Amino acid sequence: MSDTMRAIEISTPGGPEVLTLCQRPMPQPAHGQVVLKVAYAGVNRPDALQRAGAYNPPPGASDLPGLEASGEVVALGAGVTGLEIGDRVCALLPGGGYAEYVATPAAHCLPIPGGMSLKQAACLPETCFTVWSNVFTRGGLKAGERFLVHGGSSGIGTTAIQLATALGARVFTTAGSDEKCQACLDLGAERAINYKTEDFVEVLRATGGADLILDMVGGDYIPRNIKTLADDGRMVHIAFLSGPKAELNFAQIMARRLTVTGSTLRPQSDLAKARIAQDLFEVVWPLIETGKLAPVMDSEFPLEEASAAHARMESSGHIGKIVLQVAGDLT
């Protein structure tokens, strides 16, 4: 095995064009870590934020982008149990996925679900960890509740629609075109709202209001979300595509007993992520095995065309997940 590998680095903060092919030293597994030979790497919004200089890696993490991948275990660090050389897994990464090899905690790896390709599996970790922890653990979504997810045609949105539907919630969603709305309906949403032609506040209030909202838009959506919530409703924020600031009337929050919360995944402790991984293995992986949840695939780019993958994501024309092919299917 070579001492170096191909990787995509951020040459300087900026647009997609700053993603540059380079040679980097092979990663070595620390205690509790494994090294994966990367088959495919998922492309996510936080990667673009990091590229733009707006989302720094946590201390000790790789400076290379890439928060999820599928691949084969090729090295074990001290203290690793439950994984062997040659195992094929998908994994949530602290960074470094845009490379031929990556180190990650063994406890953040999950087996490739039966019948699923490595390309599909690379799309599972970031969205499943995010949706499970925010919608079900933090947001407390229950069967029968009305759930509104903004950006329903995104990777997060398509996962949230399927998982909430599979677990018995009534799912409503917003998207920016009739084509995207239809894709959401096909995944199980009860109602898909084209935000360019309809007001999601009116639509949800006519049903009694949302019990839970998952929002990655922010900005002027924040006060509109408050109006949309039913009494005792909850709002969970995971991103702010339109900005993190808004003016809110907290009298509404008090009078209607609303909960406003949120989280980001990457800065959480390794233990917190390991607990999410265990929940996924116990609850979500069986749903994948039975076909109730599958990643919606938009497009695939070779590793060296990471800049084109980022341009595709930032165009917002995609439906579902974008992946980078690194080693491919490892046949």
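Here the structure is shown first, and the text comes after it.
Residues numbered from 1 in each chain as written. Predicted model: local features only at pLDDT ≥ 70, side-chain atom pairs only at ≥ 80, totals over all residues. Heavy atoms only, no water.

*Asks:* Can you help me understand the overall build of the chain in this one?
*Replies:* Along the chain, the regular secondary structure elements total 10 helices and 15 strands. The C-alpha radius of gyration of the chain comes to 20 Å, within 12% of the 20 Å expected for a compact globule of 331 residues. Along the longest, intermediate and shortest principal axes, the C-alpha atoms of the chain span 60 × 40 × 35 Å. Put simply, of all contacts in the chain between residues at least 6 apart along the chain, 67% involve residues at least 24 apart. Carbon and sulfur atoms make up 51% of the accessible area of the chain, which amounts to about 13600 Å² in all. With 27 positive and 35 negative side-chain charges, the chain shows a separation of 6 Å between the mean positions of the two kinds. (Helix = DSSP H or I, 4+ residues; strand = E, 2+ residues; numbered from the N terminus. Rg over C-alpha atoms; globule rule 2.2 N^0.38 Å. Contact = heavy atoms within 4.5 Å. Areas by Shrake-Rupley, 256 points an atom, 1.4 Å probe, with all protein chains shown as cover. Lys, Arg positive; Asp, Glu negative; His and termini not counted. Charge placed at Lys NZ, Arg CZ, Asp CG, Glu CD.)

*Asks:* Honestly, the pattern of salt bridges in this entry has me stumped. Any pointers?
*Replies:* Side chains that carry opposite charge are capable of pairing whenever their charged atoms lie near each other. Scanning the model with the defined rule gives 15 salt bridges in all. One salt bridge in this structure joins Arg 6 and Glu 100, with 3.3 Å as the shortest N-O distance. With a gap of 94 residues between them, Arg 6 in strand S1 (residues 4–10) and Glu 100 in the loop between strand S5 (88–92) and strand S6 (101–105) connect regions that are remote in the sequence. A salt bridge links Glu 68 to Lys 321; the shortest N-O distance between them is 2.5 Å. (Salt bridge = Lys/Arg side-chain N within 4 Å of Asp/Glu carboxyl O.)

*Asks:* How do you make sense of the sheet that holds strand S9 (residues 170–175) when you look at a structure like this?
*Replies:* Paired through their backbone hydrogen bonds, the strands of a sheet run either parallel or antiparallel. The six strands are arranged S10-S9-S8-S11-S12-S13 in an open sheet whose pairing can be described as parallel. Because the sheet does not close on itself, it has two edges, and the strands there are strand S10 (191–194) and strand S13 (259–262). Strand after strand, the sheet turns through a mean of 15° between neighbouring axes, direction not considered. Pairing of strand S11 (residues 210–215) with strand S12 (residues 229–237), which is carried by five bridges, proceeds in the parallel orientation. Bridge pairing in S12 places Asp 215 opposite His 237. Against the sheet, helix H4 (residues 155–166) engages strand S8 (146–149), S9 and S11, with an angle of about 170° to S8. (Pairing = 2+ DSSP bridges. Axes fitted to C-alpha atoms, helices over the stretch in contact; angles between N-to-C directions.)

*Asks:* What's the story with the side chain of Lys 273 in this structure? I'm lost.
*Replies:* Residue position: Lys 273 is located in helix H9 (residues 270–289). It is Asp 270 that comes nearest to the buried, bridge-free Lys 273 among opposite-charge side chains, at 5.0 Å. Leaving out residues up to four positions away in the same chain, Lys 273 has contacts with Leu 92, His 108, Phe 129, Leu 265, Arg 266 and Gln 268. (Buried < 20%, exposed > 50% of the residue type's maximum accessible area, 1.4 Å probe, protein only.)

*Asks:* Whenever I open this one, the pairing of strand S4 (residues 68–76) confuses me. Can you help?
*Replies:* Successive side chains on a regular strand alternate, one facing one side of the sheet and the next facing the other. In the sheet, strand S3 (residues 33–43) pairs with S4 via seven bridges, with the strands oriented antiparallel. From the neighbouring strand, Ala 41 faces S4, where its bridge partner is Ala 69. Bridge analysis of S4 against S5 gives five bridges, and the strand direction is antiparallel. Each residue of the ladder has a partner; that of Ser 70, found in S5, is Cys 90.

*Asks:* Teacher, can you tell me more about the nonpolar core here?
*Replies:* Within soluble globular proteins, side chains that are nonpolar generally end up buried alongside one another. In terms of nonpolar packing, the biggest core is built from 49 residues, with Phe 147, Leu 214, Leu 280, Val 284 and Trp 285 touching the most fellow members. Among the elements that make up this core, the one with the highest residue count is H9 (seven residues). With residues up to four places along the chain from it excluded, the contact list for Trp 285 reads Cys 90, Leu 110, Pro 111, Pro 113, Leu 124, Cys 128 and Leu 280. Judged by nonpolar contacts, the second largest core, of 27 residues, contains Ala 41, Val 80, Leu 93 and Cys 109. (Core = buried A, V, L, I, M, F, W, Y, C linked by side-chain atoms within 4.5 Å.)

*Asks:* Explanation requested: the environment of Arg 191 in the structure shown.
*Replies:* With respect to the element layout, Arg 191 can be found in strand S10. We classify Arg 191 as partly exposed; its relative accessible area is 28%. Placed 28 residues apart in sequence, Arg 191 and Gly 219 show a C-alpha to C-alpha distance of 23 Å. Each residue touching Arg 191, except ones within four places of it in the same chain, is listed here: Val 171, Phe 172, Thr 173, Leu 185, Glu 198 and Val 203. At a separation of 2.8 Å, a polar atom in the side chain of Arg 191 contacts the side chain of Glu 198. (Polar contact = N/O pair within 3.5 Å; in protein donor to acceptor, adjacent residues only side chain to side chain.)

*Asks:* Help me understand unusual backbone geometry, please; the structure alone is not making it clear to me.
*Replies:* Peptide bonds are mostly trans, and most non-glycine residues show a negative phi. Phi angles above zero are rare outside glycine, and Asp 232 is one such case at about 70°. Mapping Asp 232 onto the fold places it in strand S12. Positive phi values are uncommon outside glycine, yet Ser 316 reaches one of about 60°. Counting through the fold element by element, Ser 316 comes out in the loop between helix H10 (306–314) and strand S15 (321–325). For Ser 316, a relative accessible area of 35% puts it in the partly exposed group.

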